Amino acid sequence: MNTTDPDEKAIRESFLPFSVPSIGEEEIAEVADSLRSGWITTGPKTKRFEDQFREYIGSRHAIAVNSCTAGLHIALTALGVGPGDEVIVPTLTFCSTANVVVHLGARPVLVDVGEDFNVTPEAVEAAITPRTKVIIPVHYGGQACDLDAIYALAARYNLPVVEDAAHAVGATYHGHKIGSDALPPTLLPPTGGDRGGGQGVRVVTVFSFYATKNMTTGEGGMITTTDDALAEHMRLLTLHGMSRDAWKRYTSAGSWYYEVVMAGYKDNMTDIQAALGIHQLRRLDSFIRIRQRYVRLYDETFADLQEVETPVRHSDRNHVYYIYVIRLDLDRLTIDRAQFIEALRAHNIGTSVHFIPVHLHPFYQERFGYRRGDLPQAAVIYDRIVSLPLYPRMTEADVHDVIRAVRHIVTKNRR
Ligand SMILES: Cc1ncc(COP(=O)(O)O)c(C=O)c1O
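If you're wondering where the values come from, they're calculated on a predicted model, not measured in any experiment. (Residues numbered from 1 in each chain as written. Predicted model: local features only at pLDDT ≥ 70, side-chain atom pairs only at ≥ 80, totals over all residues. Heavy atoms only, no water.)

Trainee: Sorry, what's going on with the overall build of the protein chain here?
Mentor: Counting secondary structure elements, the protein chain contains twelve helices and 13 strands. Relative to the 2.2 N^0.38 estimate, which gives 22 Å for 415 residues, the radius of gyration of the protein chain is 22 Å and therefore close to what a compact globule would have. Overall size of the protein chain, expressed as C-alpha extent along the three principal axes, is 70 × 55 × 40 Å. When burial is assessed residue by residue, the protein chain has 55% of its 415 residues classed as buried. When contacts within the protein chain are restricted to residue pairs at least 6 apart in sequence, long-range pairs at least 24 apart make up 77% of them. (Helix = DSSP H or I, 4+ residues; strand = E, 2+ residues; numbered from the N terminus. Rg over C-alpha atoms; globule rule 2.2 N^0.38 Å. Buried < 20%, exposed > 50% of the residue type's maximum accessible area, 1.4 Å probe, protein only. Contact = heavy atoms within 4.5 Å.)

Written as structure tokens, this is what we have:
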């Protein structure tokens, strides 16, 4: 296994991290302004960030939270998920998509993914039972799921959809931004099931601003929806269940009096986070364009390497490439994925793996009885995937270093 040769010169002299955020002087000045202003928790900047985000996405409501995980938990809580319920979750996701279901005493029903690594509508439909309460599609890597088919299922079975858009801020589906009021295109009326209510498919979308994401607030997230009642409920849940605008109680415009109308959580975003978000949002489209340009370089140069499969892309969606994930054809290589990663490391290139499928983690196997073979597509994908560095702070020369290293390792370890 000739992955690392101590005598071989590394392609890079310095280590290229897997991900580094792009924080500019404007973000730094805005954070300093918050720190100096005396108002450091939820306040006017959080409100401004919510307004700007709502406008960018085209959504009726935007509710800032301190993580996507918190937002998913709040969305499921507001939709009434509890013990005895089932929630459909793709297995190829970060653990938090499933963990929040467990926190509510419900069962995550894990389903398999397709060639684009997104959940397939067929797998979702096969998993629906009378106990199903919510469907959570994950827009893997920043490319939307097959939303028409998923919304059609949601309408047919009268199920709400909580979109895990942790990777997908700025992504579009049929020209509409993920999380916008235009999705679903028409509020399809429920046509069956016993969960009635007649209000059409309810959709909540949750974004992440974690440090590695396409835009970041360090930690943070945003919930969007067009549903007024759900939005009001979710907003209350973010801050102890205290009546509206309780955050203002320490301002001259506020009142000391508030009422707790439900046992809410402490999931609010701070103005320090929002200070970052306001400027990151302004820069988001340019960040996405750089990612897409680097992806074209990767795609074009890997096209002639039979051992490396590049990501599947759908022409009806704008893919924002939170991650660039290659799939190794292990039958053509003498090394496995772990050795491939080790070889890149020896050439000073950081990588990651997105994701260890949820059904392979010990907790999910022990608690819910999952086994590797239950969701075979994701298990096979997992053995072969590697996420390469991709972020706007990389230079084009960095991208070419990664390309040279991948080509070198593949060529050297051909079967
Ligand atoms: C698919 C997915 N969902 C949810 C999350 C959780 O996001 P956060 O760290 O903002 O809670 C992540 C984070 O990486 C993710 O990749």
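The rest of the description comes next.
Trainee: Would you mind going over the site of the ligand with me for this structure?
Mentor: For the ligand, the set of nearby residues contains 16 residues, the closest of which are Thr69, Asp164, His167, Ser208 and Lys213. For the ligand, a nitrogen atom lies 2.7 Å from a polar atom in the side chain of Asp164. Between an oxygen atom of the ligand and a side-chain N or O atom of Ser208, the distance comes to 2.7 Å. Here the ligand, which alone exposes 390 Å², has 93% of that area covered by the protein. A molecule is said to occupy a pocket when more than half its atoms come within 2 Å of that pocket's grid points, and by this definition the ligand occupies the second largest pocket. Contributing elements (two or more residues each) for the shell around the ligand: helix H3 (68-78) and helix H4 (95-103). (Near = heavy atom within 4 Å. Polar contact = N/O pair within 3.5 Å; in protein donor to acceptor, adjacent residues only side chain to side chain. Areas by Shrake-Rupley, 256 points an atom, 1.4 Å probe, with all protein chains shown as cover. 1 Å grid on protein atoms, 1.4 Å probe; cavity = no way out; pocket = protein on both sides within 12 Å on 5 of 7 lines; lining within 4 Å. Sits in = over half its atoms within 2 Å of the grid points.)

Trainee: Which parts of the structure should I look at to understand the state of the cysteines?
Mentor: Here the structure, examined in full by the defined rule, presents zero disulfides. Between Cys68, a free cysteine, and Cys95, which holds the nearest cysteine sulfur, the sulfur-to-sulfur gap is 12 Å. Overall, the relative accessible area of 7% leaves Cys68 in the buried class. (Disulfide = S-S within 2.5 Å.)

Trainee: It is not clear to me how helix H2 (residues 44-57) should be interpreted in this structure. Could you clarify?
Mentor: Because each turn of an α-helix spans 3.6 residues, side chains separated by three or four positions end up pointing in the same direction. In this model H2 runs 20 Å from its N-terminal to its C-terminal C-alpha over 14 residues, within 8% of the 20 Å that 1.5 Å per residue would give. Taken together, the buried positions of H2 are Lys45, Thr46, Phe49, Glu50, Phe53, Tyr56 and Ile57. Looking straight down H2, one finds its buried side chains confined to an arc of 140 degrees; they lie on one side. Exposed and oriented more than 90 degrees from the buried face of H2 are Pro44 and Glu55. (Expected span 1.5 Å × (residues − 1). Arc of directions from axis to C-beta.)

Trainee: Explain empty space enclosed by the protein here, please?
Mentor: Empty space among the atoms becomes visible once a probe the size of a water molecule is rolled across them. All chains considered together, the criterion is met by four cavities of 30 Å³ or more. Here the largest cavity is characterised by a volume of approximately 160 Å³. Lining the largest cavity are 16 residues; nearest its centre among them are Asp116, Phe117, Tyr140, Pro311 and Val312. Taken together, the residues of the lining of the largest cavity break down into seven nonpolar, five polar and four charged. (Points joined across faces, edges and corners; volume = space filled by probe spheres on them. Nonpolar A, V, L, I, M, F, W, Y, C, P; charged D, E, K, R; others polar.)

Trainee: How should the pairing of strand E13 (residues 385-388) be read in this particular structure?
Mentor: Alternating residues of E13 divide into Ile385 and Ser387 and Val386 and Leu388, and every residue in both groups is buried. The pairing of strand E12 (residues 324-328) with E13 spans four bridges and is antiparallel. Bridge pairing in E13 links Tyr324 to Leu388. (Pairing = 2+ DSSP bridges.)

Trainee: Is there a simple way to explain the layout of surface pockets in this structure?
Mentor: Its boundaries defined by the atoms lining it, the second largest pocket holds a volume of some 420 Å³. Lining the second largest pocket are 21 residues, with Phe94, Ser96, Ser208, Tyr210 and Lys213 sitting closest to its centre. Class assignment for the residues of the lining of the second largest pocket results in eight nonpolar, ten polar and three charged.

Trainee: Hey, could you run me through the confidence of the model for the protein chain in this one?
Mentor: Any region with low pLDDT has predicted coordinates that should not be read closely. Confidence along the protein chain averages 94 in pLDDT terms, with 95% of residues attaining 70 or more. Low pLDDT (under 50) marks residues 191-198, which in the prediction has 15 contacts with non-local residues, meaning those over four places away or in another chain. (pLDDT = per-residue confidence, 0-100.)

Trainee: Looking at this model, I keep getting lost on the sheet that holds strand E10 (residues 308-309). Mind explaining?
Mentor: Either a parallel or an antiparallel arrangement is found when strands of a sheet pair, and the pairing is made through backbone hydrogen bonds. Read across the sheet, three strands follow the order E10-E12-E13 without closing on themselves; strand pairing throughout is antiparallel. The outermost strands of the open sheet, each flanked by one partner alone, are E10 and E13. Packed onto the sheet, helix H8 (residues 271-302) meets E10, E12 and E13 and runs at close to 15 degrees relative to E12. In this fold helix H11 (residues 376-384) packs onto E12 and E13, with an angle of close to 55 degrees to the strand it touches most, E13. (Axes fitted to C-alpha atoms, helices over the stretch in contact; angles between N-to-C directions.)

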